[in-house]
Amino acid sequence: MKLLDNAIDRSRSSISLMLLIVLVGLAARVGMTVESSPEVNPPVVIVQVTHEGISPEDGVRLLVRPLEQDMRVLEGVEEIISTARESMAYLVIEFDAAMDVDDAVDEVRNAVDRAKAELPRDAEEPVVEEASAQPFPAIVVTLAGEQVSERVLLQSAQHLRRKIENLSSVLSADLRGNREEVVEATIDPVRLEHYGVTSGELINAVLNNNLLIPAGELETGRGRFSVKVPGLIETAQDIYEIPLKNSARGVVTLGDVTEIRRTFKDVSSYTSVNGRQGLAINVEKRTGASSVEVADAVRALVREELQYLPRGVEVDFVFDQSQFARDMVSEMQGNILTAMLLVMVIVVAALGFRSGMLVGLGIPFSLLFGSIVTWYLGYSFNFMVMFGMLLALGMLIDGSIVITEFADRKMAEGLSARDAYVTSVRRMFWPVVASTGTTLAAFLPIMFWPGVVGEFMRYLPVTVFAVLSGSLLYALFFAPVLGAMFGRSALDPVTRQNLRELEVGQPGALDGITGAYARSLEWVVRRPLAAFVTTLLVLVCIFFAFGRFGAGVEFFTETEEQYGNVEVRAQGNLSVEEKKTLVAQVERAVLEVPEVRVAYTAIGSGGLSGNTERAPDQIANILVELLPAQERERRSREIFADLNTPRGAVPVSSFVHTEARPEVDKIERIDGTTRMQVKADVQEGVLADDKVREIRAWLEEHPVDGEVDLLFRGADEEQNESLSFLAVAFLLSLFLMFILLVTQFNSFYQSLLILSSVVMSTLGVMLGLTLTQSTFSVIMTGVGIVALAGIVVNNNIVLIDTYNHVRGADPELPPAGAAVKAAAQRLRPVFLTTATTILGLLPLALGVSVDMVGRNIVVGGVIASFWVKLASAIVYGLTFSTLLTLIVTPVMLVLPGRLRELLRSVLPPRRPPGTREARAERSVEAEPDG
């Protein structure tokens with residue numbers, strides 16, 4: 001403790017260091033990019049090859065198989081999904097999560113280069129690109145104008161796209177809804193015959209122009225000069241002057257035999273926003289860039305360029321992700337500040353203003369310390385990081401509470417503030433370190449969660465690690481320095497007398513809650529065996545009740561959404577105009593829903609996300625943005641249910657003879673094996689896990705052909721993988737905590753007793769889910785149980801450590817008296833640490849987002865619906881385990897001694913060796929039978 005003595009002696013230096021950490025933390029927080037969710041870049045690479053007119057069957061044989069052969073040998077490949085469609089084929093190569101995505105792209109490009117020799121000559125150049133982790137662009141710029149020509153609108157959109165692409169934070173700006181501009185040359189047969197030009201000569205002349213011709217260099221006596229052969233078409237006049245034939249009367253050009261005009265290709269796609277047809281620029285941000293900064297930069301640039309656009313061009317912004325990110329971050333920050341205020345109220349009310357403020361200062365210090373670490377790791381300030389801070393907020397003051405509460409008791413005995421805090425740190429150093437270490441040990445395995453889900457969830461344990469590390473530094477170093485500076489605690493005589501009574505007197509003689517608890521506990525510890533059996537029966541009953549009456553299991557959790565997708569399907573070989581007419585009816589029905597803010601319609605393209613996975617009968621895609629949750633009364637699921645429009649037959653007329661034949665829309669393969677998919681979703685109130693079990697049971701009764709392999713993929717596959725990992729992570733957390741506890745207490749029994757609270761907390765979660773009829777979310781509830789393992793042991797650690805200290809200080813005190821005394825001494829800090837953790841998460845556990853700063857309360861919003869399962873699991877488990885810990889742990893400390901007494905009363909006493917009775921017993925045992 002020499003370091004602490006020096007820190008207190010040089011308190012100004014210690015305070016300066018603390019201020020430096022706070023200032024750096026503020027700078028780190030300001031420097032972090034703001035995002036609504038973590039940016040996860042899975043190592044998935046897409047290879048796309050286009051071959052005009054090729055059938056799906058030929059696409060598999062000529063395009064897919066040569067590429068698959070070279071992809072299979074790549075190191076780290078987890079799965080290859082191949083799809084062959086009309087005129088194209090594409091492969092989705094998934095690598096191991098540990099693989100760097102840039103390295104994966106390079107490996108695939110090299111493999112594609114090797115496979116090119118096996119591809120048909122007519123196939124276009126394969127396109128290799130990284131799969132986008134962002135489902136939507138950062139912002140969409142729309143252009144419309146009823147009094148403006150199509151060409152003017154296109155030129156305006158192209159102008160804005162070029163400007164937007166020059167922004168450093170923009171990855172791409174894709175133009176959607178436009179027709180490709182072309183030059184159309186209409187041949188005049190009379191002129192063609194007049195000039196004696198054949199069709200072959202005309203075609204060859206066009207094909208042999210608009211080429212880049214490398215002509216090399218020309219060396220003369222005056223030096224070396226590069227030679228340039230003008231071969232590219234750059235102006236309209238170049239098209240007119242393409243030479244077709246040379247004769248004695250001169251050169252016949254393309255302009256002599258054709259009528260040339262600028263036009264567009266035939267319509268193949270449409271885009272519209274809220275029923276108005278126009279063009280859209282989808283702006284994608286670069287990796288690591290802030291969606292908020294990108295959207296602000298795009299808005300500012302477009303406003304500057306409006307003065308250069310023709311009159312009549314209307315520009316608007318839709319699907320602005322920055323506003324959603326701002327709202328989510330603001331709401332989450334408000335929840336953190338609300339939890340901080342609630343925690344401060346509890347701490348100040350229990351410890352007094354001075355001690356309460358001393359403990360409360362650890363909250364901003366620890367959060368800013370965590371901001372430094374997350375900023376250094378390159379994390380954005382997203383809702384996963386913020387929830388990690390919120391989760392840690394209730395735990396980060398546990399160490400400070402223990403240190404400050406023990407120092408107050410020592411000051412009540414007459415020690416100075418300096419001596420009291422030095423004594424407190426010396427006495428509580430290892431219990432505080434052990435409790436923080438066990439909490440971190442519980443979160444440690446989650447850092448190694450594999451796959452995309454693991455990449456997403458990893459932000460949570462890393463943030464908790466960073467914040468709790470800062471809280472440990474504050475509790476053991478800065479809090480004692482500040483406590484020594486603040487001087488003696490001003491305790492009233494009654495409180496001072498109660499603290500002395502807890503130290504040297506009988507806790508049962510006290511008034512109030514502590515005295516009542518001590519007297520009740522005295523009655524229970526006199527009957528440890530009955531209390532133990534009763535507790536065991538309660539836990540077993542809870543376990544069987546959850547299995548019998550539980551609401552079921554789901555993979556994730558149903559969250560409140562602001563965006564949704566409407567797929568428009570119709571059967572028949574429809575033209576683009578027929579599709580447009582049908583989709584317009586659906587679009588009007590969507591816009592009649594009052595909660596719909598924006599409807600973005602794409603006919604003939606993948607919409608905002610550019611999704612190529614389209615069903616054969618899907619003719620359009622409508623992306624819907626709803627009003628914010630606080631501005632609407634209904635939940636998103638109810639609103640999207642209203643968007644289901646009635647389906648009917650589509651009349652199709654044709655002037656050609658038709659014959660119905662089976663059509664192969666696409667052929668899919670997984671790792672070289674052909675597959676067919678049957679996709680399904682469940683109705684509201686029905687769990688997918690229940691339906692999967694029903695389907696498995698049906699398949700067992702109705703087996704398919706033995707050569708057909710059946711696989712359940714999607715959410716079911718991910719659920720099983722996540723459940724397996726969480727089970728391993730839970731066991732690994734328990735083992736790590738057990739090692740730490742054995743190191744701390746040097747006792748297997750006490751270490752196992754501390755870990756028993758984990759079992760109680762898990763059964764507490766089951767009890768809460770059963771009573772509220774909530775489903776068990778594999779991801780969120782599972783993470784909550786793993787997190788609980790590190791939280792609930794803290795109370796047991798400090799309680800058992802106090803019990804050992806009381807027994808060591810007074811060896812004549814019986815175990816029952818020592819257990820009651822230790823439990824009474826730790827009652828206040830146990831309640832404080834539990835209450836602060838529960839209060840920090842209670843609003844979210846109830847599905848309510850409370851923002852006292854913004855004076856806003858949202859029930860069932862995006863944030864509350866996302867975290868309600870995890871928060872409620874921690875609240876259920878921590879409440880139940882704390883109540884049992886205050887009773888069961890003292891009982892279990894007394895139980896071994898009582899069992900030894902029972903054994904001694906049942907078994908005959910052993911006589912000392914060498915006595916006459918002992919020799920007589922040995923002689924009787926030595927006599928032969930009979």
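Residues numbered from 1 in each chain as written. Predicted model: local features only at pLDDT ≥ 70, side-chain atom pairs only at ≥ 80, totals over all residues. Heavy atoms only, no water.

Identification of the protein as Multidrug efflux pump subunit AcrB from Microbulbifer rhizosphaerae is taken from an unreviewed UniProt entry.

Asks: Hey, could you run me through the nonpolar core in this one?
Replies: Side chains that are nonpolar tend, in soluble globular proteins, to be buried together. Judged by nonpolar contacts, the single largest core of 142 residues is most densely connected at Phe387 and Trp867. When residues in this core are grouped by element, the largest group, 20 residues, is from helix α29 (residues 862-906). With near-sequence residues (within four places) excluded, Phe387 lies in contact with Met332, Leu460, Leu841, Leu844, Trp867 and Leu870. (Core = buried A, V, L, I, M, F, W, Y, C linked by side-chain atoms within 4.5 Å. Buried < 20%, exposed > 50% of the residue type's maximum accessible area, 1.4 Å probe, protein only. Helix = DSSP H or I, 4+ residues; strand = E, 2+ residues; numbered from the N terminus. Contact = heavy atoms within 4.5 Å.)

Asks: Got a minute to help me understand the packing of helix α11 (residues 321-351) against helix α28 (residues 815-845) in this structure?
Replies: How two helices sit against one another is set out by the angle between their axes and by the gap between those axes. Running from amino to carboxyl end, α11 crosses α28 at an angle of 155°, the nearest separation of the two axes being 9 Å. When the axis of α11 is compared with that of α28, the two are roughly antiparallel. In this structure, the crossing between α11 and α28 has a hand that is right-handed. Contacts between α11 and α28 involve Met332, Asn335, Ala339, Leu342, Val343, Ile346, Val347, Ala350 and Leu351 from the former and Arg828, Leu832, Ala835, Thr836, Leu839, Gly840 and Leu844 from the latter. When its residues are assigned to classes, the contact of α11 with α28 shows twelve nonpolar, three polar and one charged. (Axes fitted to C-alpha atoms, helices over the stretch in contact; angles between N-to-C directions. Parallel < 35°, antiparallel > 145°, perpendicular 65-115°, else oblique. Left-handed = near helix turned anticlockwise from the far one by under 90°. Nonpolar A, V, L, I, M, F, W, Y, C, P; charged D, E, K, R; others polar.)

Asks: Which parts of the structure should I look at to understand the environment of Val227?
Replies: Looking at the element boundaries, Val227 is found in strand β9 (residues 223-229). We classify Val227 as partly exposed; its relative accessible area is 37%. C-alpha separation for the pair Val227 and Glu217, spaced ten residues apart in sequence, amounts to 5.3 Å.

Asks: Looking at this structure, I do not really get the pattern of salt bridges. What am I missing?
Replies: It is possible for side chains of opposite charge to pair when their charged atoms get near one another. Considering all chains together, one arrives at 32 salt bridges under this definition. One salt bridge connects Lys869 with Glu554, and the closest N-O pair in it is separated by 3.6 Å. Here Glu554 lies in strand β17 (residues 553-554) and Lys869 lies in helix α29, a separation of 315 residues in the sequence. Across the pair, Glu554 and Lys869 agree in class, each one buried. Here Glu668 and Lys666 are joined by a salt bridge, their closest N and O atoms 3.1 Å apart. Residue Glu668 is classed as buried on the basis of its relative accessible area, which comes to 5%. (Salt bridge = Lys/Arg side-chain N within 4 Å of Asp/Glu carboxyl O.)

Asks: Please clarify how the side chain of Glu554 should be interpreted in this entry.
Replies: In this structure Glu554 comes out as buried when scored by relative accessible area, which is 17%. Apart from residues lying up to four places away in sequence, Glu554 is in contact with Leu687, Gln719, Thr775, Phe776, Ser777, Val778 and Lys869.

Asks: In this structure, what is going on with the domain arrangement of the protein? I would like to understand it.
Replies: One frequent convention defines the size of an interface as the accessible area lost when the parts assemble. Parsing the protein into structural domains produces domain 1 (1-28 + 325-556 + 719-902), domain 2 (44-130), domain 3 (139-180 + 267-318), domain 4 (188-261) and domain 5 (563-627). The straight-line distance from the C-alpha centre of domain 1 to that of domain 2 is 52 Å. (Domains from an automatic or database assignment.)

Asks: Just checking my understanding: could you explain helix α2 (residues 11-31) for this structure?
Replies: The periodicity of an α-helix, 3.6 residues per turn, causes residues three or four places apart in sequence to face the same way. Compared with an ideal rise of 1.5 Å per residue, which puts 21 residues at 30 Å, α2 spans 30 Å between its outermost C-alpha atoms and is within 8% of the ideal. Against α1 (2-9), α13 (362-376) and α18 (459-486) lie the buried residues of α2. (Expected span 1.5 Å × (residues − 1).)

Asks: Any chance you could explain a nonpolar patch on the surface here in plain terms?
Replies: Where nonpolar side chains cluster on the molecular surface, the patch consists of Leu529, Phe532, Val533, Leu536, Leu537, Val540, Phe543, Phe544, Leu899 and Leu902 and spans about 880 Å² of accessible area. Among the elements that line the nonpolar patch, the one with the most residues is helix α21 (residues 528-549), at eight residues. One can find Phe544 in helix α21. By relative accessible area, Phe544 is classed as exposed at 58%. (Patch = residues over 30% accessible without salt bridge, like charges linked within 9 Å, V, L, I, M, F, W, Y side chains within 5 Å. Areas by Shrake-Rupley, 256 points an atom, 1.4 Å probe, with all protein chains shown as cover.)

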